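Chain by chain, the residues:
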Amino acid sequence: MTSAIEMVDVIDEPKAIEGRSPFSLALRRLRKDKVAMISLVVIVLIVLMAILAPVFAAVTGHPPNEQYRDIGLTPDGLPRGPNGTFWLGTDDLGRDILVRIAYGARISLLVGVIATAITVVIGVVLGLAAGFLGGITDTILARLIDVVLSVPFLLVAIALVSVTGPSLTVTVLVIGCFSWASVARIVRGQVLSLREREFVEAARSLGAGDRRIMFVDVLPNVIAPVIVYTTLLIPVVIVTQATLSFLGLGLPPPTPDWGGMISESQNYYTTAWWFILFPGLALLVTTLAFNLFGDGVRDAFDPRADRT
Amino acid sequence: MAMFLIRRIGHGILVLWLISVAVFALFFVAPSNVAQTLAGRQGTPETIALIKHRLGLDLPVWQQYLHFLGNAVKGNLGYDYYHQVPVTHIIGQALPITVSLALGAAVLWLALGVFNGVISATHPRSLADRGLTLFALFFYSFPSFLLGLLLLYFLYFRLTLSGFGWFPAGGYAPLAGGIGPWFQHLLLPWVALALLLAATYTRLTRGSMLDVLGEDYIRTARSKGIRESRVVVVHGLRSALTPVVTQFGIDLGQLIGGVVVTETVFSLPGLGQTAVTAINQQDLPVIIGIVLFASAAVVVANILVDIGYAVLDPRVRLH
Amino acid sequence: MTDVLLKVDDVRKEFPTHSKEVVQAVAGVSLEVHKGETLGLVGETGCGKSTLARCMAHLYDVTSGSVWFEGQEISKLSRKAMRPLRRDVQVIFQDPYGSLNPRRRVGSIIGDPFAIHNIASGNDRKKKVQELMELVGLNPEHYNRFPAEFSGGQRQRIGVARALALRPKLVICDEPVSALDVSIQAQIINLLSDLQREFDLTYVFISHDLSVVRHVSDRIAVMYLGKIVELAPTSELFGQTRHPYTRALLSALPVADPDTADSREQIILGGDIPAATNPPTGCRFHTRCPKARLDCTAEEPPLEPVLNDQPQHRTACLYPLTVGEDLSTAVPDLKAS
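Residues numbered from 1 in each chain as written. Chains lettered and ligands numbered in written order. Predicted model: local features only at pLDDT ≥ 70, side-chain atom pairs only at ≥ 80, totals over all residues. Heavy atoms only, no water.

### Focus: the overall build of chain C
- Of the regular secondary structure elements, chain C holds 10 helices and 11 strands.
- Taken over C-alpha atoms, the radius of gyration comes to 21 Å for chain C, in line with the 20 Å a tight globule of 337 residues would show.
- C-alpha atoms of chain C, sized along the principal axes, occupy 75 × 50 × 45 Å.
- As displayed, chain C offers around 14900 Å² of accessible surface, 48% of which is attributable to carbon and sulfur atoms.
- Computing the positive centroid from 39 side-chain charges and the negative centroid from 42, chain C places the two 9 Å apart. (Helix = DSSP H or I, 4+ residues; strand = E, 2+ residues; numbered from the N terminus. Rg over C-alpha atoms; globule rule 2.2 N^0.38 Å. Areas by Shrake-Rupley, 256 points an atom, 1.4 Å probe, with all protein chains shown as cover. Lys, Arg positive; Asp, Glu negative; His and termini not counted. Charge placed at Lys NZ, Arg CZ, Asp CG, Glu CD.)

Laid out in structure tokens, this is it:
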């Protein structure tokens, strides 16, 4: 695959008109990173599992919230271990853990992607505005960033969710509203040095307005760190969502999600190892895959960080 | 320097004040039925009104806030709704536990992170480097509750089952009762916390160490024939540690209000768990007190880091 | 008298510093730029010539004074009101690396002027951009490349193409060749000359290198510490040098003929350029001038014709040089008599 691409490049070289953007160079480096590519495959598999969750339910014949109190529990009312009917065992209410893990992937990925997207959009726009416009805008936004970064996030998140009641929307909003500050701080720092660059002055000398300079000239130059930060933020968000669920503030039951499943398993970990192992493994594999991939993205976009 | 300190402290106070306003508004605007709970099932509207009056909940929110602020400036964060214990007293009781947890873990994660980082940086792209990076990322990816539960499963449950009752299931033993039990109760939480945080320090040390080892003065030191280990530790590590120290200060500050999960999993009644209990009981004065206290810890840590940075690195201009 | 395109009237530009001091980058400059000419602006690094250029293009707000373009005062215009005038006044920047956005393709960089002023879009814009690329000697097929894929000289051609896109009347060239190799400098200078002839352009050409300025300019203004010390047609500046500072700059020029080089006077200026936060009193050059006298420290000489010069040759000096005067033996005398 890689060699084929290089071959084409060699043939095209004399009249290569398409410029090699820093972005495509980074992609090329990323493609050569084996660990990152394996992680990407794992991520794709998890996404497929989430999309195909109903297939899991259909194949096993167990809807995610169906409680099999007869065949799914031992006579003492304890969860059953992995067997022919329940491949990964059952939970304390006799539900199929495999199917619930597949459905739980939907929640984790959904929250991970949406909350990260909100975080990044707010962070980039406010960071751009603070760094580029300066003056009173910067003063206010810089204080706001300080405030958000000083607040004990998890405590306030728990308190907020306990006031509003748990729901998907609240989880996403809480995470988004508290995480943007670090993105904004990164972007602001970058923009502060970018706005002194001569190409910004050049744009101004051509008659470009603030908004155009911000989004056409400055923004492309902060994209790389933002992409790196975004890929590394997704696993953090997924863990945060699971943590809220673990503390009983995730999604109202019986919706299956990983943090909630692990929370329910707490009282059974001495008797039913599969109850905690499989949801825990799902969560760990997901965050690990995202982190390894993010690490590869960072090295690809900032080769300096990994030079010898 | 004095001007810088004053401005920095001024910013800190401003930030804390903004947080107090935000937190107060949030919790007092949200519907609360504390009075109802306190009055019990048989509470008549009169008793509820009386309780509300006693707690000051019948006043407009802004008056409640001014009252709170006036007391807070004097160092009084109010009293909890249920037993009328001063919030400062509650914080005072929980703080040593959180601090024990944070500091002990800090020793572990610093040692682990810096050691691994130096090994990685001195052998870049080697098997050891890759292995250590993977090791760090693996634990970094762990949700803290999952790591805590796993440690409990293997090192408490499994070991105890096999007859080695080395670790308790959780809880806290004050230092006053002897260093042994204290250590025994905290070792697992320390490990859980340290493994999570070590990754950041491994990466930070590795990166800054690689930068420093590429500098001219290191090459000069090597060319003078100084032993490699001495070059790395004495000449390299000293300047490479500046970003590590920065991160360390910030992390310590954040841990004061940020070890909620570890405290919950290991049943340590520190600030985090106290806050969670208060949240479940809608005990607003306690929640606000702890949130503000934890924020103050972050603000103070940041100021200390800035000062330390300026002292360590004379190139930093204070303005 | 030729038409005045740009007029700078007693412009001052000050920058605040962190320590509450003020840097006087431009300290009261007046000059006129005539239609069709090239006005050279020369001086050492830090003399304020780039700041003056930015004031001329209204990239900076002036602290006091005014700038007039075609009879309209532009120095107080808002950014928005200035926008249509940007089509007529363009800047070519010094650093061909810094002045091109590294994350954007060359086609879109050169197409910027069309996009900003809503002149052409889509294929039309692309065609215009490729015409411009051809005009400045770039391969139009490199439309989609990034600045990093070009050499320094090619990048400066990109900067030239961008500046010329809207057919401006005035182009302010801020050290356009200083960052380039000498062999490339000539190419860019020739390109600029060709384009001037073809499009009837007016240039303000800034450089610290007098030999470059001499080659392109009709008139030359010499700046020292935020002020113009001598302003004259090129041939007169070289033939009838009046200001000791100008003479010092000239004496540093390399000469092709070794015989003349040997016999030529060498004037080495003592000391460094004084700090612009605290300029010397009187004539700003008196701290380094070989001919300085006591009154130079007190009296600020006006920029005016001296020693029966024509009105277009103006010098700010109390003791201007006569033709043939030997400056290398001069000794400053600052004692009170």
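### Structural notes on the overall build of chain A
- For chain A, the helix and strand inventory stands at 12 helices and 0 strands.
- Element order for chain A, N to C, with α for helix and β for strand: α-α-α-α-α-α-α-α-α-α-α-α.
- Each principal axis of the C-alpha atoms in chain A carries an extent, and together these give about 80 × 55 × 35 Å.
- Here chain A holds 308 residues, and 53% of them are scored as buried.
- Of the contacts formed within chain A by residues at least 6 apart in sequence, a portion of 73% connects residues at least 24 apart. (Buried < 20%, exposed > 50% of the residue type's maximum accessible area, 1.4 Å probe, protein only. Contact = heavy atoms within 4.5 Å.)

### Some remarks on the environment of G270 of chain B
Residue and element names in this part refer to chain B.
- Secondary-structure assignment places G270 in the loop between α12 (260-265) and α13 (271-280).
- For the pair G270 and V260, spaced 10 residues apart in the sequence, the C-alpha separation amounts to 8.3 Å.
- Residues contacting G270, with those up to four places away along its chain left out, are A94, I97, T98 and E263.

### Focus: the nonpolar core
- In terms of nonpolar packing, the biggest core is built from 149 residues, with I101 and W258 of chain A together with W109 and F145 of chain B touching the most fellow members.
- Ranked by the residues each element gives to this core, the list is headed by helix α8 (residues 179-213) of chain B, at 16 residues.
- A domain-level breakdown of this core finds at least three residues from each of domain 1 (2-73) and domain 2 (87-312) of chain B.
- Of all hydrophobic cores here, the second largest spans 53 residues; its members include M133, L192, I220 and L237 of chain C. (Core = buried A, V, L, I, M, F, W, Y, C linked by side-chain atoms within 4.5 Å. Domains from an automatic or database assignment.)

### Some words on the UniProt feature "domain: ABC transmembrane type-1" (unreviewed entry) in chain A
- When the UniProt feature table is mapped to this numbering, "domain: ABC transmembrane type-1" (unreviewed entry) covers residues 105-294 of chain A.
- Between the end C-alpha atoms of residues 105-294 of chain A the distance is 19 Å, and the span holds 84% helix and 0% strand. (UniProt positions renumbered as here; feature names shortened; annotations may be inferred.)

### Overview of the UniProt feature "domain: ABC transporter" (unreviewed entry) in chain C
- Under the feature "domain: ABC transporter" (unreviewed entry), the UniProt entry names residues 6-250 of chain C.
- Helix makes up 38% of residues 6-250 of chain C and strand makes up 27%, while its end C-alpha atoms are separated by 28 Å.

### Quick look at the sheet that holds strand β7 (residues 170-174) of chain C
Residues and elements named next belong to chain C.
- Spatially, 7 strands are ordered β6-β7-β8-β3-β9-β10-β11 in an open sheet, and the strand pairing comes out mixed. Of all strands in the sheet, those bounded by a partner on one side alone are β6 (89-92) and β11 (314-315).
- In this structure, strand β3 (residues 38-42) lies alongside strand β9 (residues 219-224), joined through 4 bridges in parallel fashion. Bridge assignment links V42 to a residue of β9, and that residue is V222.
- Docked against the sheet, helix α5 (residues 152-164) engages β6 and β7, running at close to 175 degrees with respect to β6.
- Sheet contacts for helix α6 (residues 182-199): β3, β6 and β8 (202-207); angle to β8, the most-contacted strand, approximately 160 degrees. (Pairing = 2+ DSSP bridges. Axes fitted to C-alpha atoms, helices over the stretch in contact; angles between N-to-C directions.)

### Considerations on helix α4 (residues 61-73) of chain B
Residue and element names in this part refer to chain B.
- Between its first and last C-alpha atoms α4 spans 18 Å; for 13 residues at 1.5 Å apiece the expected length is 18 Å, and the two agree.
- Those residues of α4 that fall on the buried side of the exposure criterion are Q64, Y65 and F68. Each buried residue of α4 lies within a common arc of 100 degrees when the element is viewed along its axis, so the set occupies one face. Residues of α4 that are exposed and angled more than 90 degrees away from the buried face: W62, H67 and V73.
- At the exit of α4 stands G75, carrying a positive phi of roughly 90 degrees. (Expected span 1.5 Å × (residues − 1). Arc of directions from axis to C-beta.)

### Let's talk about the UniProt feature "transmembrane region" (unreviewed entry) in chain A
Residue and element names in this part refer to chain A.
- Mapped onto this numbering, the UniProt entry gives "transmembrane region" (unreviewed entry) at residues 35-59, 107-133, 140-161, 167-187, 222-251 and 271-294.
- From the first C-alpha to the last, residues 167-187 spans 31 Å; its make-up is 95% helix and 0% strand.
- Structurally, residues 222-251 comprises 83% helix and 0% strand, and the distance from its first C-alpha atom to its last is 35 Å.

### Quick word on the layout of surface pockets
- Approximately 740 Å³ is the volume attributed to the second largest pocket.
- Together, 21 residues line the second largest pocket, and E201 and R204 of chain A together with L59, Y60 and R79 of chain C are the ones closest to its centre.
- The set of elements that each furnish at least two residues to the lining of the second largest pocket consists of α5 (97-133) and α9 (198-205) of chain A together with α1 (49-56) and α2 (79-86) of chain C.
- Taken together, the residues that form the lining of the second largest pocket break down as 7 nonpolar, 4 polar and 10 charged. (1 Å grid on protein atoms, 1.4 Å probe; cavity = no way out; pocket = protein on both sides within 12 Å on 5 of 7 lines; lining within 4 Å. Points joined across faces, edges and corners; volume = space filled by probe spheres on them. Nonpolar A, V, L, I, M, F, W, Y, C, P; charged D, E, K, R; others polar.)

### Brief notes about unusual backbone geometry
Residue and element names in this part refer to chain C.
- Even without glycine at this site, R167 takes up a positive phi of about 50 degrees.
- Owing to a relative accessible area of 44%, R167 belongs among the partly exposed residues under this scheme.
- In this model, L307 sits at a positive phi of 45 degrees, which is unusual for a non-glycine residue.
- According to the relative accessible area criterion, L307 is partly exposed, its value standing at 40%.

### Regarding the pattern of salt bridges
- For the structure shown, the criterion picks out 30 salt bridges over all chains.
- Where D112 of chain C meets R104 of chain C, a salt bridge forms, and the shortest distance between an N and an O atom there is 2.9 Å. Residue D112 of chain C shares its accessibility class with R104 of chain C, and that shared class is buried.
- Here the salt bridges share partners, and the residues they tie into one network are D91, R95, R100 and E264 of chain A. (Salt bridge = Lys/Arg side-chain N within 4 Å of Asp/Glu carboxyl O.)

### Examining the packing of α5 of chain A against helix α12 (residues 273-301) of chain A
All names here are of chain A.
- Taken N-terminus to C-terminus, the directions of α5 and α12 make an angle of 35 degrees; their axes are 11 Å apart at the nearest point. Classified by chirality, the crossing of α12 by α5 is right-handed. Along the contact surface, α5 presents I97, I101 and L109, while α12 presents W274, F275, F278, P279, A282 and F290.
- Residues that form the contact of α5 with α12 fall into these classes: 9 nonpolar, no polar and no charged. (Left-handed = near helix turned anticlockwise from the far one by under 90°.)

### Topic: the side chain of R242 of chain C
Residue and element names in this part refer to chain C.
- Examined against the element boundaries, R242 turns out to sit in the loop between α8 (234-239) and α9 (244-251).
- A distance of 3.2 Å separates polar atoms of two side chains, one belonging to R242 and the other to Q240.
- The residues touching R242, leaving out its near neighbours within four places in the chain, are E230, V306, L307, D309, H313, T315, P320, L321, T322 and V323. (Polar contact = N/O pair within 3.5 Å; in protein donor to acceptor, adjacent residues only side chain to side chain.)

### Focus: the packing of aromatic side chains
Residue and element names in this part refer to chain B.
- Within this structure, the stated rule accounts for 21 aromatic pairs over all chains.
- Ring centres 6.4 Å apart and planes at 35 degrees place the aromatic pair Y65 and F68 in the tilted group. With Y65 and F68 both in helix α4 and 3 residues apart, this pair spans about one turn of that helix.
- F68 sits in the buried class, given a relative accessible area of 10%.
- Taking the centre distance of 6.0 Å and the plane angle of 20 degrees together, the rings of F139 and F142 count as stacked. The burial state of F139 is the same as that of F142; both residues are buried. (Phe/Tyr/Trp six-rings, centres within 6.5 Å; stacked < 30°, edge-to-face > 60°.)

### Remarks on the pairing of β9 of chain C
Residue and element names in this part refer to chain C.
- The element β9 is largely enclosed, with a buried count of 6 among its 6 residues.
- Of the two faces of β9, both are covered, the one formed by R219, A221 and M223 as well as the one formed by I220, V222 and Y224.
- The pairing of β9 with strand β10 (residues 227-233) spans 6 bridges and is antiparallel. Within the sheet, the bridge partner assigned to Y224 lies in β10 and is K227.

### What to know about α2 of chain C
Residue and element names in this part refer to chain C.
- All of the buried residues along α2 are M82, L85 and R86. Across the axial projection of α2, the buried residues extend over an arc of 100 degrees, all falling on one side. In α2, the exposed positions that point more than 90 degrees away from the buried face belong to K80 and P84.

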